[in-house]
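Observations on the model geometry
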Amino acid sequence: MLRDQTAIVGIGQTAFGKGLPDSELSLACQAISAAIDDAGLEPAAVDGLAMFSMEDGREVEVARNVGLGDVTFFSQIGYGGGAGCGTVGHAAMAVATGQCEVAVAWRARKRAAKASRPWAQVSSRISGHWQWSRPFGVLRPVDEIAMLTRRYMHEFGATREHLANVALAFRKHANRNPAATMHDKPLSREQYLDARWISEPLCLFDNCLETDGALAVVITSAARAADLRNPPVYVHAFAQSIPQQHQVMTNYFCDDPLLGPSHACAARLWAQAEVTPRDVPVAQIYDAFSPLIPLSLEGYGFCARGEGAAFTDDGALEWPDGRLPTNTSGGGMSEAYVHGFNLVLEGVRQMRGTSSSQVDGAEVCLVTSGEGVPTSALLLRR
Amino acid sequence: MTSTGFLLPDLEDPESAPFWEGCARGELLVQVCTSCGARRMPPRPMCPRCRSVDHRWEATSGRATIWSFVVPHPPLLPAYQELAPYNAIVVALDDDSAIRFVGNLVASPDGAINEIDPASIEIGDPVQVVFQQVEDVTLPRWVRA
Ligand SMILES: [Zn+2]
């Protein structure tokens, strides 16, 4: 079992922005370089790489730029936002099994780049599974998730007020985080309810930001971590999932479309762990869209099916007094949207005790990747 | 042929071509496993129930109920943005509620996808398939039953 055999010992990130001049490769190298420095290691010590298959900078180029040593493990994970925790988990497994000794995992993204927005590319004809949705104007990720959201509202009584709970909680956390894109921009419930539609029933503030930036982590063995400068943040448990009969984003064609990938991922994750959802005092939950939060709260077992929306009431997601302060750096909706990789770094900060919205005494943090796509999750422990 | 700017299926995709050919004939087809009889849509090469690769296509009644719907607003691709806000729906077939299709609710067989007042659409509304030609493709759309 992977449990606590490896630890995250370094984190690094670039500034977040729109239209940054640097290439994705350059941003990746800057974040990786910062993470290696944070760990107190030399680039030559890095011999493992795990990245998103959507990454623009290839492993070879990263290694040639950052000046890595001989790399003996490299892997890629697909499905965009579902991959973040997966890259960390693969790196941890590679370290734990001796395939490498020091691994980095990262995500660099230029959201403004057309290549990162496949729905915006006018291609003449569509084959594969998108031909069953895009011709009818279900074009963007927001349209795809809005379809599931409407059904979720219908089946379980979720409302826009619940989704506002999510957006407002994350914005409050961003207002406390100087690195967050929305640091200086408060959001009121009235602003949320009056916002323009993007795809009904989802409005502007149900959507994540569009961000250029990069983030990286360094992973090594628990034994080696003990000698490094930062307090180790252990990879306590890791899981991935492609649930039965799942379809990417347009998961409309199976028996129970609202039973998302988080359910199968959670079953494996908790089976690997010494803790249960009751023991988890803080979470970083993938939030490309606000309705993914109630769905994930249900999937990861913080409440029963259908109760995720009501769970968000009474400030449950808000630091410091909520039952489960969530996305304490602002998340994808208010800090930065870098395919959820900023959630991994915020999980590490919570375990180091250095978050701008630090949950006192937190010893374990859940981090999840995209709901609605083949996904992954981590339990981090200090 | 002049492009309308809509995203349309590749009619030469062998996996799905029979479906689109059915639409052109005015039939809403589903893929059926010849070996075990399981229906499956969207189509795929192997039956997940019995692993047979043999299949046939069967016509359905074309009656369905609305399972969910969205109303997209800009920013969208230009051809769609011109029509926004429009509706897009997912329907479940009355013949087999596990078979669902994405489509649009229109007021008449040749109606546009932005003619129905979105506030009038409800999950559970009964609908009937109709067919509309866009370039060389025939798309299934839906009218109230
Ligand atoms: Zn079969």
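Since the structure is predicted, the reported quantities are computational estimates derived from the model, not experimental observations.

**Details of the sheet that holds strand β3 (residues 39-40) of chain B**
Residues and elements named next belong to chain B. With antiparallel pairing, 3 strands are arranged side by side in an open sheet as β3-β2-β4. Among the strands making up the open sheet, the edge pair consists of β3 and β4 (55-59). Pairing of strand β2 (residues 29-33) with β3 involves 2 bridges; the strand directions are antiparallel. Residue pairing across strands places Val 32 opposite Arg 39, the latter belonging to β3.

**Some details on empty space enclosed by the protein**
With the rule as written, the count across this model stands at 2 cavities of 30 Å³ or more. Counted as a void, the largest cavity has a volume near 80 Å³. What lines the largest cavity is A:Ile145, A:Leu148, A:His246, A:Asn251, A:Pro257, A:Leu258, A:Gly260, A:Pro261, A:Leu292, A:Leu295, A:Glu371 and A:Gly372. The set of elements that each furnish at least two residues to the lining of the largest cavity consists of α4 (141-156) and α9 (292-299) of chain A. Of the residues assigned to the lining of the largest cavity, the class counts are 7 nonpolar, 4 polar and 1 charged. Roughly 50 Å³ of volume is contained in the second largest cavity. Lining the second largest cavity are A:Trp132, A:Phe136, A:Phe253, B:Phe19, B:Trp20, B:Met41, B:Pro42, B:Arg100, B:Phe101, B:Val102 and B:Pro140. It is strand β7 (residues 100-103) of chain B that contributes the most residues to the lining of the second largest cavity, 3 residues altogether. Of the residues that constitute the lining of the second largest cavity, the class distribution is 10 nonpolar, no polar and 1 charged. Here the lining of the second largest cavity gathers at least three residues from each of two domains, domain 1 (10-59) and domain 2 (61-145) of chain B.

**Looking at the interface of chain A and chain B**
The interface is formed by 37 residues belonging to chain A together with 42 residues belonging to chain B. Contact with chain B buries surface across chain A, with A:Arg125, A:Trp132 and A:Phe136 losing the most and accounting together for 24% of the total. Summed over the shared surface of chain A and chain B, the result is 2 salt bridges. A salt bridge links A:Arg125 to B:Glu135; the shortest N-O distance between them is 3.0 Å. Along the contact surface separating chain A from chain B lie 25 residue pairs in polar contact (both at pLDDT 80 or more). At the level of elements, β5 (125-126), α4 and β6 (197-200) of chain A are the ones that each hand at least two residues to the side of chain A that touches chain B. If one sorts the elements of the side of chain A that touches chain B by residue count, α4(A) sits on top with 7 residues. When grouped by side-chain class, the residues that make up the side of chain A that touches chain B number 18 nonpolar, 10 polar and 9 charged. Note: β6(A) against strand β5 (residues 63-72) of chain B, 2 bridges, orientation antiparallel.

**Here's the deal with the side chain of B:Gln31**
All names here are of chain B. In this fold, Gln 31 is placed in strand β2. Overall, Gln 31 belongs to the buried group, its relative accessible area being 0%. A distance of 2.9 Å separates a polar side-chain atom of Gln 31 from the backbone nitrogen of Arg 44. A polar contact is formed between the side chain of Gln 31 and the side chain of His 55, at a distance of 3.4 Å. Ignoring anything within four residues of it in the chain, the contact list for Gln 31 reads Ala 38, Arg 39, Arg 40, Met 41, Pro 43, Arg 44, His 55, Arg 56 and Trp 57.

**Focus on the pairing of strand β9 (residues 137-144) of chain B**
Across a regular strand the side chains alternate sides, sitting on one face of the sheet and then on the other. All names here are of chain B. For β9, the tally of buried residues reaches 7 of 8 residues, placing the bulk of the element in the interior. The pairing of strand β8 (residues 126-134) with β9 spans 8 bridges and is antiparallel. Counterpart to Val 129 in the pairing with β9 is Trp 142. Hairpin connection of β8 to β9: 2 residues between the antiparallel strands, including Glu 135 at a positive phi of 50°.

**Thoughts on the coordination of the zinc ion**
Where a metal carries four tetrahedral donors, each ideal angle is 109.5 degrees; where it carries six octahedral donors, the ideal angles are 90 or 180 degrees. All names here are of chain B. Surrounding the zinc ion are the protein donor atoms Cys 33 (SG), Cys 36 (SG), Cys 47 (SG) and Cys 50 (SG), which sit 2.3 to 2.4 Å from the metal. Geometry at the zinc ion is tetrahedral, judged from the 4 donor atoms that bind it and their angles of 98 to 116° at the metal. All donors to the zinc ion come from one chain, and their sequence spacing reads C-x2-C-x10-C-x2-C. Since its relative accessible area comes to 0%, Cys 33 is described here as buried.

**Regarding the domain arrangement of chain B**
Residue and element names in this part refer to chain B. Its domain assignment divides chain B into domain 1 (10-59) and domain 2 (61-145). Of note, the centres of domain 1 and domain 2, computed from C-alpha atoms alone, are 21 Å apart. Between domain 1 and domain 2 the total buried area reaches about 1,100 Å² when both faces are included, carbon and sulfur atoms providing 77% of it. Taken as a group, Leu 11, Leu 28 and Arg 39 account for 46% of the area that domain 1 buries against domain 2, more than any other trio of residues on that side. Linking domain 1 with domain 2 are 1 salt bridge. Its salt-bridge partner being Asp 96, residue Arg 39 comes within 3.1 Å of it at the nearest N-O pair. There are 1 residue pair in polar contact (both at pLDDT 80 or more) connecting domain 1 and domain 2. At the level of secondary structure, the elements contributing two or more residues to the side of domain 1 that touches domain 2 comprise α1 (17-24), β2 and β3. Of the residues forming the side of domain 1 that touches domain 2, the biggest block, 4 residues, is contributed by α1. Residue classes in the side of domain 1 that touches domain 2 are distributed as 9 nonpolar, 1 polar and 3 charged.

Cut-offs applied
Residues numbered from 1 in each chain as written. Chains lettered and ligands numbered in written order. Predicted model: local features only at pLDDT ≥ 70, side-chain atom pairs only at ≥ 80, totals over all residues. Heavy atoms only, no water. Pairing = 2+ DSSP bridges. Helix = DSSP H or I, 4+ residues; strand = E, 2+ residues; numbered from the N terminus. 1 Å grid on protein atoms, 1.4 Å probe; cavity = no way out; pocket = protein on both sides within 12 Å on 5 of 7 lines; lining within 4 Å. Points joined across faces, edges and corners; volume = space filled by probe spheres on them. Nonpolar A, V, L, I, M, F, W, Y, C, P; charged D, E, K, R; others polar. Domains from an automatic or database assignment. Contact = heavy atoms within 4.5 Å. Buried area = accessible area lost by both parts, 1.4 Å probe. Salt bridge = Lys/Arg side-chain N within 4 Å of Asp/Glu carboxyl O. Polar contact = N/O pair within 3.5 Å; in protein donor to acceptor, adjacent residues only side chain to side chain. Buried < 20%, exposed > 50% of the residue type's maximum accessible area, 1.4 Å probe, protein only. Donors = N, O, S within 2.8 Å, 3.2 Å for Na, K, Ca; no water. Tetrahedral: all angles 85-135°; square planar, octahedral: opposite > 155°, others 65-115°.

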